[in-house]
Amino acid sequence: MSSALHITGGVPLSGQVTVRGAKNLVPKAMVAALLGSTPSVLANVPEIKDVQVVTNLLSLHGVEVGREDGRLSLDPSNVTTARHADIDAHAGDSRIPILLCGPLLHAIGEAFIPDLGGCKIGDRPINYHLDVLRHFGARVEKLESGIRMSAPHGLHGAKVELPYPSVGATEQVLLTATRANGHTELRGAATEPEIMDLIAILQKMGAIITVQTDRVIRIEGVPELTGYRHRAMPDRIEAASWGSAALATGGDIFVAGARQADMMTFLNTFRKIGGGLDITEDGIRFYHPGGDLNPLIVETDVHPGFMTDWQQPLVVALTQAKGVSIVHETVYENRFGFTGALNRMGATIQLHRECLGSVPCRFGQRNFVHSAVISGPTPLRAAEINIPDLRGGFSHLIAALAADGVSHVTGVELIKRGYEHFTDKLTGLGASFELDGE
Ligand code: EPU
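Residues numbered from 1 in each chain as written. Predicted model: local features only at pLDDT ≥ 70, side-chain atom pairs only at ≥ 80, totals over all residues. Heavy atoms only, no water.

**Notes on the packing of helix H5 (residues 127-135) against helix H6 (residues 167-177)**
Viewed as axis vectors pointing N to C, H5 and H6 meet at an angle of 20 degrees, and their least axial separation amounts to 9 Å. Relative to H6, H5 is oriented roughly parallel. For the pair H5 and H6, the crossing hand works out as right-handed. Within the contact between the two elements, H5 uses Tyr 128, His 129, Val 132 and Leu 133 and H6 uses Gly 168, Ala 169, Gln 172, Val 173 and Thr 176. (Axes fitted to C-alpha atoms, helices over the stretch in contact; angles between N-to-C directions. Helix = DSSP H or I, 4+ residues; strand = E, 2+ residues; numbered from the N terminus. Parallel < 35°, antiparallel > 145°, perpendicular 65-115°, else oblique. Left-handed = near helix turned anticlockwise from the far one by under 90°. Contact = heavy atoms within 4.5 Å.)

Printed below as a string of C-alpha cells:
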C-alpha cells in the first residue's frame, strides 16, 4: 500500500540521528560474498530496501543470508542458477542485477539481467557494463525479457578504459577481474570512498588490487577467494542529507557515525554557505548559526568532487541563502526534475541547458537541462508533492519540513531505498508529521 506523509513545516530539526553502512557500498559488498569459497560477515548493515532486494536476489541464487543486529552472514557454498522470471520479480527497480554478472559467471557460468530501473535520473544506460563484461570474455545475448550472459571459455584479464569514471562500471571491473585468469588494467576508474571500501573487502578475500594515480587500477587475478569480515563504511550521502536538513530548517543535528574523511568536499561547501560544523570522532554536528546564509556556486563531479547525490538536499538550503546560487550538474544529464515542486512551494529556481560552470561536462551542447540558478531567500509554503526519486524525494521532505503549513507527500516508500528508519529519525528530531498507509 502506498504511504503518505502529512508534514507540518516550520519546526527547526534538532537532535541526533545515527547513520549506518552506506547504501552505495553495502549491496556491492553483499555481491562480493559470492566470489568467496567460504562465508562472509558484513557489519553495520542498514535496514533499507536495497539491502532486502540484494538479499532476495542472492537467496534466489542459493546464497544463505542471515541477519542479526545489523550483521549479515552470507554463505555462498551452494550457488546455483535462478529462473529469469524470479530474478525479474525480485529485482524490482534495482540496478544491482548487473553487478551480479561477473561473480555469477565465475560461480556458475551464466547470469541474467532483467530490464533495469533504479531512480529515474536520465537514461541510466548500462553500455559501459556490457562492454566491460565482453572484454573479459563474456557472451552477451539479448532476450525479450532482458540480457543473458555466459562465459563458455571462462573469464580472462583485460585492458579496459572507461569513457567516464563510472562508479558501477568500476565496480563491475573489480568484481569480475579479481577471479579472472591473468592481469587486468583499468583506466578511467572511479575512486569514490565506497569503491575503496569494496577494494578493502576484496583484499581481505585474497584479491590483489593496486590503485595508482590518474585513475588507473591494476588487478592480478587469483583462482580462489575466501570469505571476509568487514564493517561497512558510513553513509556519507545520508549524513550530508541531514546536514542540509539542519541548514534548511534553521536547526541543529548531530549525525552520529558521519566520517569527516569521506565528506571533505561537502563540509567545505557547507561552511562556505554559512553553516556551522563541529567535527568529532563520533560524528559531525551540522547547525544553522543564525544570520544570513551565503549564495554559492556548486558543480557536481566524480570523487573527490561534490557528489551528485549531495546536490538535491543542498538546493533546498540554497533557496534560503541571500543572493544568487548556481548549481552545475555534470554527472547526470537530467537531475533537476525535483526543482519543479520546490518552485511550486515558493522557491525561485531557473533551469538552463548551458553549462554554468567550468567543470568539463558531457551535456553542454546536447540540449540537456543541467544547470540551475537559485535566487533567495524565498520563504517556502506547503504543497502537495509526489516523490519522484530517492534524493529528489528527500529534498522534498526537507522543503516540506521548512515550509509554512501542512504539506501532503505521497510516494514516500521510495525514500526507504536509501534512508533507514527515516520517519523514526524525523520524530527524534522533533518534526511534526502524520504517516498513513503503512
Ligand atoms: N553511464 C553510462 N553508461 C553506463 C554506466 C553509466 O553512460 O553503462 C553514465 C551514467 O548515465 C551517468 C554516469 O555514467 O551519467 C555516472 O554513472 P555511474 O555509473 O557512476 O552511476 P551508478 O554506478 O549507476 C552510483 C550510485 C548513484 C550515484 C552514482 C554517482 C549506487 C547503487 N548508485 O550509480 O547513487 O549517483 O554512482 O556517484 O551506487 C543514489 O544513491 O541515489 C544514486 C543514484
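**Observations regarding the domain arrangement of the protein chain**
The assigned domain composition of the protein chain is domain 1 (4-19 + 234-436) and domain 2 (26-231). Each of domain 1 and domain 2 has a C-alpha centre, and the two are 30 Å apart. Here domain 1 packs against domain 2, burying approximately 2,000 Å² in sum over the two surfaces, 48% of which is carbon and sulfur. The largest per-residue losses of area from domain 1 upon contact with domain 2 belong to Val 302, His 303 and Arg 417, which jointly make up 35% of the total buried on that side. Put simply, domain 1 and domain 2 have two salt bridges between them. We note a salt bridge from Glu 194 to Arg 236, for which the minimum N-O separation is 2.7 Å. The tally of links between domain 1 and domain 2 comes to seven residue pairs in polar contact (both at pLDDT 80 or more). (Domains from an automatic or database assignment. Buried area = accessible area lost by both parts, 1.4 Å probe. Salt bridge = Lys/Arg side-chain N within 4 Å of Asp/Glu carboxyl O. Polar contact = N/O pair within 3.5 Å; in protein donor to acceptor, adjacent residues only side chain to side chain.)

**A short note on the side chain of Asp 389**
Within the secondary structure, Asp 389 sits in the loop between strand S21 (384-386) and helix H12 (390-402). No salt bridge is formed by the buried Asp 389. Its closest oppositely charged neighbour is Arg 335, at 5.2 Å. For Asp 389, the side chain forms a polar contact with the main-chain nitrogen of Gly 392, separated by 2.7 Å. (Buried < 20%, exposed > 50% of the residue type's maximum accessible area, 1.4 Å probe, protein only. Lys, Arg positive; Asp, Glu negative; His and termini not counted.)

**A look at the site of the ligand**
Near the ligand you find 23 residues, and of these Lys 28, Asn 127, Ser 166, Val 167 and Val 331 are the closest. Take Lys 23: an N or O atom from its side chain is 2.8 Å from an oxygen atom of the ligand. Contact with the protein chains removes 90% of the 840 Å² of surface that the ligand exposes when unbound. Ranked by residues supplied to the shell around the ligand, first place goes to H5 with three residues. For the shell around the ligand, a count of residues per class yields nine nonpolar, six polar and eight charged. There are two domains that each give the shell around the ligand at least three residues, and those are domain 1 (4-19 + 234-436) and domain 2 (26-231). (Near = heavy atom within 4 Å. Areas by Shrake-Rupley, 256 points an atom, 1.4 Å probe, with all protein chains shown as cover. Nonpolar A, V, L, I, M, F, W, Y, C, P; charged D, E, K, R; others polar.)

**Looking at the sheet that holds strand S15 (residues 276-279)**
Within the open sheet, the four strands sit side by side as S2-S14-S16-S15. Their pairing is mixed. Bordering the open sheet on either side are strand S2 (14-18) and S15, each of which pairs with just one other strand. With strand direction ignored, the average angle separating the axes of adjacent strands in the sheet is 15 degrees. Direction of pairing for strand S14 (residues 252-256) relative to strand S16 (residues 283-287): antiparallel, over a ladder of five bridges. In the strand pairing of S16, Ile 253 is matched with Phe 286. (Pairing = 2+ DSSP bridges.)

**Regarding the packing of aromatic side chains**
For the coordinates displayed, the defined rule picks out ten aromatic pairs. Geometrically, the ring pair formed by Trp 242 and Phe 394 is edge-to-face, given 5.2 Å between the ring centres and 90 degrees between the ring planes. With a gap of 152 residues between them, Trp 242 in helix H8 (residues 236-248) and Phe 394 in helix H12 connect regions that are remote in the sequence. Aromatic side chains Phe 306 and Trp 310 sit 5.3 Å apart centroid to centroid with 70 degrees between the ring planes, which places their arrangement in the edge-to-face category. Classification of Phe 306 by relative accessible area gives buried; the value is 4%. An aromatic cluster is built from Phe 266, Phe 270, Phe 286, Phe 306 and Trp 310, whose rings are joined through pairwise contacts. For Arg 285, the ring lying beneath its charged end belongs to Tyr 287, and the centroid distance is 3.9 Å. The ring of Tyr 164 has Arg 362 sitting right over it, with the charged end atom 3.6 Å from the ring centre. (Phe/Tyr/Trp six-rings, centres within 6.5 Å; stacked < 30°, edge-to-face > 60°. Lys NZ or Arg CZ within 6 Å of the ring centre and 35° of its normal.)

**A short note on the layout of surface pockets**
Reported here for the largest pocket is a volume of approximately 1,100 Å³. Around the largest pocket, the lining comprises 45 residues; the ones closest to its centre are Arg 95, Arg 124, Val 167, Gly 168 and Tyr 332. Sorting the residues of the lining of the largest pocket by element identifies helix H1 (26-32), H5, H6, helix H10 (308-318) and H12 as the ones contributing at least two each. Partitioning the lining of the largest pocket into residue classes produces 19 nonpolar, eight polar and 18 charged. There are two domains that each give the lining of the largest pocket at least three residues, and those are domain 1 (4-19 + 234-436) and domain 2 (26-231). (1 Å grid on protein atoms, 1.4 Å probe; cavity = no way out; pocket = protein on both sides within 12 Å on 5 of 7 lines; lining within 4 Å. Points joined across faces, edges and corners; volume = space filled by probe spheres on them.)

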